Amino acid sequence: MMMSSMGRPGIGNRESGIGKAQAPATRTPACFSHSPFPIPHSRRAQRAFTLLEMLAVIVLIGIISTVVVTQISKNVDKGKYGAGKAQLMTLSQKIENYALDNGSPPQQLEALSVKPANAPNWQGPYAKESDLKDPWGHAFGYQSPGQNGSFDLIFYGQDGKPGGEGYSKDLGNWQ
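All of the points below concern the structure found in this document. (Residues numbered from 1 in each chain as written. Predicted model: local features only at pLDDT ≥ 70, side-chain atom pairs only at ≥ 80, totals over all residues. Heavy atoms only, no water.)

1. Quick look at the overall build of the protein
Inference 1: Helices and strands together make up the secondary structure of the protein, namely 2 helices and 3 strands.
Inference 2: Within the protein, the proportion of its 175 residues that are buried is 24%.
Inference 3: Pairs at least 24 apart in sequence give 38% of the contacts found in the protein among residues at least 6 apart.
Inference 4: Only carbon and sulfur atoms are counted for the fraction: they give 60% of the accessible area of the protein, which is about 13200 Å². (Helix = DSSP H or I, 4+ residues; strand = E, 2+ residues; numbered from the N terminus. Buried < 20%, exposed > 50% of the residue type's maximum accessible area, 1.4 Å probe, protein only. Contact = heavy atoms within 4.5 Å. Areas by Shrake-Rupley, 256 points an atom, 1.4 Å probe, with all protein chains shown as cover.)

2. Let's talk about the pattern of salt bridges
Inference 1: What the rule picks out here adds up to 1 salt bridge.
Inference 2: Lys94 serves as the salt-bridge partner of Asp131, at 3.0 Å between the closest nitrogen and oxygen. Linking Asp131 in the loop between α2 (51-102) and β1 (141-143) with Lys94 in helix α2, this pair joins segments that are 37 residues apart in sequence.
Inference 3: Exposure remark for Asp131: the relative accessible area of 19% places this residue in the buried category.
Inference 4: When its relative accessible area of 18% is taken as the criterion, Lys94 is described as buried. (Salt bridge = Lys/Arg side-chain N within 4 Å of Asp/Glu carboxyl O.)

3. Overview of a nonpolar patch on the surface
Inference 1: Taken together, the side chains of Val59, Leu60, Ile63 and Val67 present a nonpolar region at the surface, about 370 Å² in accessible area.
Inference 2: By secondary structure assignment, the location of Leu60 is in helix α2.
Inference 3: By relative accessible area, which is 52% here, Leu60 ends up exposed. (Patch = residues over 30% accessible without salt bridge, like charges linked within 9 Å, V, L, I, M, F, W, Y side chains within 5 Å.)

4. Some remarks on the nonpolar core
Inference 1: Counting 20 residues, the largest nonpolar core has Leu91, Leu109, Leu112 and Leu153 as its most contacted members.
Inference 2: Breaking this core down by element, the ones donating at least two residues are α2 and β2 (152-155).
Inference 3: In terms of residue count, the dominant contributor to this core is α2 (5 residues).
Inference 4: The residues contacting Leu109, other than those within four sequence positions of it, are Leu91, Ile95, Leu132, Phe140, Tyr142 and Leu153. (Core = buried A, V, L, I, M, F, W, Y, C linked by side-chain atoms within 4.5 Å.)

5. Topic: the packing of aromatic side chains
Inference 1: Taken as a whole and assessed by the stated rule, the structure comprises 7 aromatic pairs.
Inference 2: For the ring pair Trp136 and Phe155, a centre distance of 6.3 Å and an interplane angle of 15 degrees mean the geometry is stacked. Pair noted here: Trp136 is in the loop between α2 and β1 and Phe155 is in strand β2, with a separation of 19 residues, a long-range link. Considered together, Trp136 and Phe155 belong to a single accessibility category, that of buried residues.
Inference 3: In this structure an aromatic cluster arises from ring pairing among Tyr81, Trp136, Phe140, Phe155 and Tyr167. (Phe/Tyr/Trp six-rings, centres within 6.5 Å; stacked < 30°, edge-to-face > 60°.)

6. Some remarks on the sheet that holds β1
In a beta sheet, neighbouring strands are held together by backbone hydrogen bonds and run either parallel or antiparallel to one another.
Inference 1: One open sheet accounts for 3 strands, arranged β1-β2-β3; its pairing is antiparallel. Each end of this open sheet is capped by a strand with a single partner; those strands are β1 and β3 (171-172).
Inference 2: Across 3 bridges, β1 lies against β2 in antiparallel orientation. Counted as the bridge partner of Gly141 is Ile154 from β2.
Inference 3: α2 rests against β1, β2 and β3 of the sheet, and its axis sits at about 165 degrees to β2. (Pairing = 2+ DSSP bridges. Axes fitted to C-alpha atoms, helices over the stretch in contact; angles between N-to-C directions.)

Here it is in structure tokens:
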């Protein structure tokens, strides 16, 4: 009966239990599980923003929002001024349609939305009440007969008053 060295009892086989590598039976404490050097948890929890850091962030947000709001308001005014110019031309066409139907331009702009007594061929309404105000809510200037034609229609701009520069500059239907 010949046995190989693997089959001999007591020498590194499964039955004998000798020659097996076994892990040590020690337990690692929880505070050492992530780092070989323990760091108290209270120091990590105390890290926060200082009052000075928070004030700096608030000031920066304020500066950025001021710049953004200023740019947006400039673009809104530019858009309203452009819409006012277009509305001036459209309203001028509506006055001319009224004049074609009735022989002359209306004495007042309100005659475009409500039939006046002296308009026998009135085919309106030619305009809505909201069409008679510019994008800023001001009334258009109107004169019939006008100094520059059968009627003068004036868009006064942002300020709603005669004269002005920039977005407050006046525009007339004759320009």
